[in-house]
Amino acid sequence: MDLRMARNKKTRREFLRLAGLAVSSAALSACGGPTPSPVVVEQEKVVKETVEKQVTEIVQVVVTATPYPVPPVVLPVAPVVTPAPEQPIDIVYWDLYSRLVWHGQDVKQVPVDLWNQANPNIRVHYLPGAGAKEKVLTAVASGTPPDLLLTDPPTEYVYRKAVDSLQPYLEKGDHPYIEKDIYPGVWKGMAFKGEVYAIHRVPNNAGMYINADLFQQAGLDPDNPPRTLAEVEECAAKIHKVDSNGDIEILGFSPWLNIAGIWGTWAEAFGAELWDEANNRVTFDEEKSVKALEWQVEYARKFGGYEKILAFNDALAGMDPFGSGRVGIYITGPWQIGIMQDNYPAINYRTSTMPVPEGGRGGSWLGGSWMVMPRGGKNRDIAWEFMKWYCGKECQDYEGTQGIGFTIWPEVNEKNEWFNTLEQLKPFLRDLPHCWPIPLIPTVNHAFFTAFNPMVDECLRGKRTPMDAMREATRIAQEEVDRFISNL
Amino acid sequence: MLQLSHMERARLKWGLIFISPWILGFLLFLLYPMLASMYYSFTDYDVLRPPRWVGLGNYVRFFTKDNLAFTCIYNTLYFATFSVPLNILVAVVLSLLLNARVKGLAVFRAIFFIPSIVPVVSTAILWVWLFNTRNGLFNMALRAIGFQGVGWLTDPAWAKPSMIIMTLWGVGGTVIIYLAGLQDIPGQLYEAATIDGAGAWQQITKITIPLLTPQIFFHLVMGVIGAFQVFTQAFIMGSLGGGALGMGSEAGPANALLFYSFYLYLNAFRFFRMGYASAMAWVLFAITLMCTLVILRSSRRWVFYGGA
């Protein structure tokens, strides 16, 4: 999820968007916020020029769009490690993902720079995009791993002992990584059989985006969004439009668009666990999982068939589905707010919590990134000092605020005025306590890629019944788990 | 043992020194990895932990237990069976046309050659647009003449044919080889045939095609090897085509674009099954070798060298 957007040329629309941003940021700073960043100053200048010329259109933008203002910048304060090492020490930090720059803040780099200023003899080198699995595998195997790695869910690394336990450091105390203070779903994804191996940084979750204009055109109230899956279906039916060829013109809702269908979202929303950790059993075929698939089959049937819904996605040809303005209800993470702000400022939308199936639990799986210590890294103690701070409350608060995410501590999020005043963000924050980690199956990629997803796909194409599909998915995934466990 | 004179020994020494970069490269970066992968194919190995000997386990597992093994072999064979002959046919026809003495020939040749130098990723992305269900050029053309249009990359039945059609984009590279072959055919053969009363079609089938068989043979061998290794286009088109469900969508709708090399890559780097992937690589090598040998053997019957 790369939110970086180049802005070398400013079109009229860009000016208007910046104007909207700056109006909001100016209002915020007038309420006693911190000193505006250079970006805000630049945007205020832009708004003054634009207001004189385009007053009526600015009003229109502010009224119809829901701009995301520039957040206040509160930089974390880097600690000074004492005693400082006599000789300079280099800490290499690889990131699986790319840089994240939004509102002029290079959010993962800035804390590194602050640390390096405070600790000239402990130089941290941040390498975005360097942490691809192929590279990490060979680096660890050859004994030359980075000191720190920021990656996706670390389950497979942990089970393969490619990363070291952080438990010895946690047992020394003086850190904020305490189970009772952290969201339960987040903790579950960090601690494996009682030992912490990773620190989750800036978690995010999925939520529901609603196109307010499409809602109004269908006679629905966008300020009263659907709460249950049944209500989602009702709203979708009123919004959904097909053309004379039977192709979808306006999509009410799709359970498979963007991140909606991945990692067993619906099975888990219906209350399935998918993995029994105590007995090392894959449980894709549990009753609630089958029920979720039955619901998907029925949904596809009601809305013209699975292939038609997929073809709608194809027809968008890489364009952001919600940004196209042709999707009524859309499931994705909070980063979509940035995408809408940067690319589709004229679309009038609302956000809401994930729809809850009848008798299900709602919520979604947790995204974000996890910091780990690859096996065989040098300078571990010093690396921990940096990691402890970099994954700590201040840094996560800074990055979450700037980059649209949250911290792993409910207490910190509750205190963050920014999170709690922005209408777009509130639903995501409200749903965080109900979210869960991606199933902690030791062979999770294999389980979903070769078993769960293909079987769901076959079922939705009418080649298998839901029960048959989930039984087969369980069989395939379990076989690989058994093979893996037997080699431990 | 071969007796060498002092001069010959000196020449051999210098010869070996001069080719030593290649020898070292071959030993370190080709022979050693090949032997290592042969060894790993008999082990359960995830790179991170020491390999565990499983004998023929990986091979047996691939042929008897892997639910996607048949899919990836079928997809790859399908692709090779249709894409290679189609490419040869189109390349030969184009080269015949581009060999005609018409005005602006160099321009035409350049036009057909340019697409082959476009990077494969850019080509794949471009073709995703062309194949777009609603706004793609192909479906728009089909609709204009009264057809419904097809789900090029969203329908499992059409995903592979779409890929095969796309490979024609790069045909310009082989057209150059055929053009060279055509210009190598002695003009007096055509003159003699004309005097004997042979028509254009007879000249093509009795002179041109037989004397182009060395180039066709080369194209066939390289095409088959390339087709068995197809990866990038499928990877890009599968993931951008939007025809499948969430994660793993790179394999296209209903795994229709799950080609052998891609599944091998997934096993190695996404599922951490390096031993299994090594076994798959050797199976692929065996299949490719077998096909190449069959083509080589058969070549004695249908390849004609001008000088022979």
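Given the structure is predicted, the values throughout are model-derived calculations rather than measurements.

Enquirer: Talk me through the overall build of chain B; I want residue IDs and the actual numbers.
Expert: Across its full length, chain B carries 13 helices and two strands. By residue count, 44% of the 308 residues in chain B fall in the buried class. Sequence-distant contacts, at least 24 apart, represent 66% of the contacts inside chain B between residues at least 6 apart. For chain B, the computed accessible surface area is about 16,600 Å², with 73% contributed by carbon and sulfur atoms.

Enquirer: How would you summarise the overall build of chain A if you had to cite specific residues and measurements?
Expert: Looking only at helices and strands, chain A has 20 helices and 16 strands in total. Relative to its full complement of 488 residues, chain A shows a buried share of 60%. The contacts of chain A with a sequence gap of at least 6 include a subset with a gap of at least 24, amounting to 76%. Just so you have it, chain A exposes about 19,100 Å², and 53% of that area is on carbon and sulfur atoms.

Enquirer: Just give me the short version of the interface of chain B and chain A, but keep the residues and values in it.
Expert: With 45 residues of chain B at the interface, the matching set in chain A holds 45 residues. With both chains or domains summed, chain B and chain A bury close to 4,000 Å², and 55% of this area falls on carbon and sulfur atoms. If you look at where chain B meets chain A, you find six salt bridges. Taking the shortest distance from any N to any O, the salt bridge between A:Glu479 and B:Arg61 comes out at 3.7 Å. Along the contact surface separating chain B from chain A lie seven residue pairs in polar contact (both at pLDDT 80 or more). In terms of residue count, helix H12 (residues 260-270) of chain B provides more of the side of chain B that touches chain A than any other element does, seven residues in total.

Enquirer: Quick rundown of the confidence of the model for chain B? Include the residues and the values.
Expert: Confidence in the prediction for chain B averages 90 pLDDT; 95% of positions are at 70 or higher. Scored below 50 in pLDDT, residues 243-248 of chain B shows 24 contacts in the model against residues more than four places distant or in partner chains.

Enquirer: Any chance you could break down the environment of A:Ile347 for me, citing the residues and the numbers?
Expert: All names here are of chain A. Among the structural elements, Ile347 can be located in the loop between helix H13 (335-343) and strand S15 (349-352). Of the residues examined, Ile347 reaches a relative accessible area of 14% and is grouped as buried. When the C-alpha positions of Ile347 and Ser324 are compared, they lie 8.9 Å apart, and in sequence the two are 23 residues distant.

Enquirer: Can you tell me about the sheet that holds strand S11 (residues 248-253) of chain A, naming the residues and giving the values?
Expert: All names here are of chain A. Strand order across the open sheet formed by five strands is S10-S11-S14-S9-S15, with mixed pairing between neighbours. Bordering the open sheet on either side are strand S10 (241-242) and S15, each of which pairs with just one other strand. Bridge count for strand S9 (residues 207-211) against strand S14 (residues 327-332) is four bridges, and the pairing is antiparallel. Bridge pairing in S14 links Gly207 to Thr332. In the packing of helix H12 (residues 306-315) onto the sheet, contacts are made with S11 and S14, and the angle to S11 comes to roughly 110°.

Enquirer: Before we move on, could you go through the nonpolar core and cite the residues and values that matter?
Expert: Looking at soluble globular proteins, one finds that nonpolar side chains tend to be buried together. Ranked by size, the top nonpolar core spans 221 residues in total, and within it A:Tyr93, A:Trp266 and A:Phe284 carry the most contacts. Considering each element in turn, this core owes the most residues, 11 residues, to helix H3 (residues 69-98) of chain B. In contact with A:Tyr93, not counting residues within four places along its chain, are A:Lys108, A:Val112, A:Val124, A:His125, A:Tyr126, A:Leu127, A:Leu148, A:Leu150, A:Met371, A:Phe386 and A:Tyr390.

Enquirer: An account of unusual backbone geometry is needed here, citing residue identities and associated values.
Expert: All names here are of chain A. Residue Pro83 is bonded to the preceding Thr82 through a cis peptide linkage, with omega at -10°. In this structure, Pro83 sits in the loop between helix H2 (38-64) and strand S1 (89-95). Look at Asn258: it is not a glycine, yet its phi comes out positive at around 55°. Its identity as a non-glycine residue notwithstanding, Trp263 has a phi of 55°, on the positive side. Inspection of the secondary structure assignment puts Trp263 in the loop between S11 and helix H10 (265-269).

Enquirer: I'd love a proper account of the packing of aromatic side chains, names of residues and values included.
Expert: All names here are of chain B. The full count for this structure, using the stated rule, is 59 aromatic pairs over all chains. Arranged with centres 5.4 Å apart and planes meeting at 55°, the rings of Trp127 and Phe131 form a pair that is tilted. Taken individually, Trp127 and Phe131 each receive the classification buried, so the pair is uniform in this respect. Arranged with centres 5.4 Å apart and planes meeting at 80°, the rings of Trp282 and Phe285 form a pair that is edge-to-face. Within this pair, Trp282 and its partner Phe285 are both found in helix H13 (residues 274-302), separated by three residues, close to a single helical turn. Here Trp282 falls in the buried class, since its relative accessible area comes to 16%.

Enquirer: How would you explain the environment of A:Tyr197 if you had to name every residue and give the values?
Expert: Residue and element names in this part refer to chain A. Tracing the sequence through the fold places Tyr197 in the loop between strand S7 (195-196) and strand S8 (199-204). For Tyr197, a relative accessible area of 17% corresponds to the buried category. Separated by 30 residues in the primary sequence, Tyr197 and Gln167 have C-alpha atoms spaced 7.2 Å apart. In contact with Tyr197, not counting residues within four places along its chain, are Val158, Val163, Asp164, Ser165, Leu166, Met190, Phe192, Met371 and Val372.

Enquirer: Lay out the packing of helix H10 (residues 200-228) of chain B against H13(B) with the relevant residues and their values.
Expert: Residues and elements named next belong to chain B. In the contact formed by H10 and H13, the axes pass within 10 Å of each other and the chain directions differ by 170°. For the element pair H10 / H13, the angle class is roughly antiparallel. Residue-level inspection shows Thr213, Ile216, Phe217, Leu220, Val221, Val224, Ile225 and Phe228 of H10 in contact with H13, the latter providing Leu284, Ile287, Thr288, Cys291, Thr292, Ile295, Leu296, Ser299 and Trp302. Tallied by class, the residues present in the contact of H10 with H13 amount to 13 nonpolar, four polar and no charged.

Enquirer: Give me the confidence of the model for chain A: which residues, what numbers.
Expert: When pLDDT is averaged along chain A, the result is 86, and 86% of the positions lie at 70 or above. Under a pLDDT of 50 for its full length, residues 1-65 of chain A has, in the predicted model, 83 contacts with residues more than four places off or in other chains.

Enquirer: Could you give me a rundown of the side chain of A:Thr407, with the residues and numbers involved?
Expert: Residue and element names in this part refer to chain A. Residue placement: Thr407 occurs in the loop between helix H15 (393-403) and helix H16 (410-415). Among the polar contacts made by the side chain of Thr407, one reaches the main-chain amide nitrogen of Trp409 at a distance of 3.1 Å. A polar contact of 2.9 Å, which involves the side chain of Thr407, links it to the side chain of Asn413. Sequence-distant contacts of Thr407, defined by excluding residues within four places in its chain, comprise Tyr183, Pro203, Gln396, Asp397, Val412 and Asn413.

Enquirer: Talk me through the sheet that holds strand S16 (residues 367-372) of chain A; I want residue IDs and the actual numbers.
Expert: All names here are of chain A. If you trace the five strands from one edge of the open sheet to the other, you get S4-S1-S5-S16-S8, paired in mixed fashion. On the outer flanks of this sheet lie strand S4 (122-128) and S8, each paired with one strand and no other. Each strand of the sheet is rotated relative to its neighbour by a mean of 15°, with strand direction disregarded. Looking at chain direction, S1 and S4 are connected through seven bridges and run parallel. Within S4, the position partnered with Ile91 by the bridge is Val124. Running over the sheet, helix H3 (residues 109-118) touches S1 and S4 and is turned about 165° from S4.

Enquirer: Can you break down a nonpolar patch on the surface residue by residue, with the values?
Expert: Residues and elements named next belong to chain B. Together, Leu12, Trp14, Leu16, Ile17, Phe18, Ile19 and Trp22 line one region of the surface with nonpolar side chains, adding up to about 790 Å² of accessible area. In this fold, Phe18 is placed in helix H1 (residues 6-40). Note on Phe18: relative accessible area 66%, which makes it exposed.

Enquirer: Outline the pairing of S1(A), listing residues and values.
Expert: All names here are of chain A. Within S1, five of the seven residues are buried, leaving the element largely enclosed by the surrounding structure. Relative to strand S5 (residues 148-151), S1 runs parallel, the two sharing three bridges. Looking across to S5, one finds that Trp94 is bridged to Leu149.

Enquirer: Summarise the pairing of S5(A); cite the residues concerned and give the values.
Expert: Residues and elements named next belong to chain A. The alternating pattern of S5 places Leu148 and Leu150 on one face and Leu149 and Thr151 on the opposite face, and all of these are buried. Note that S5 and S16 share three bridges and pair antiparallel. Counterpart to Leu149 in the pairing with S16 is Val372.

About the thresholds
Residues numbered from 1 in each chain as written. Chains lettered and ligands numbered in written order. Predicted model: local features only at pLDDT ≥ 70, side-chain atom pairs only at ≥ 80, totals over all residues. Heavy atoms only, no water. Helix = DSSP H or I, 4+ residues; strand = E, 2+ residues; numbered from the N terminus. Buried < 20%, exposed > 50% of the residue type's maximum accessible area, 1.4 Å probe, protein only. Contact = heavy atoms within 4.5 Å. Areas by Shrake-Rupley, 256 points an atom, 1.4 Å probe, with all protein chains shown as cover. Buried area = accessible area lost by both parts, 1.4 Å probe. Salt bridge = Lys/Arg side-chain N within 4 Å of Asp/Glu carboxyl O. Polar contact = N/O pair within 3.5 Å; in protein donor to acceptor, adjacent residues only side chain to side chain. pLDDT = per-residue confidence, 0-100. Pairing = 2+ DSSP bridges. Axes fitted to C-alpha atoms, helices over the stretch in contact; angles between N-to-C directions. Core = buried A, V, L, I, M, F, W, Y, C linked by side-chain atoms within 4.5 Å. Phe/Tyr/Trp six-rings, centres within 6.5 Å; stacked < 30°, edge-to-face > 60°. Parallel < 35°, antiparallel > 145°, perpendicular 65-115°, else oblique. Nonpolar A, V, L, I, M, F, W, Y, C, P; charged D, E, K, R; others polar. Patch = residues over 30% accessible without salt bridge, like charges linked within 9 Å, V, L, I, M, F, W, Y side chains within 5 Å.

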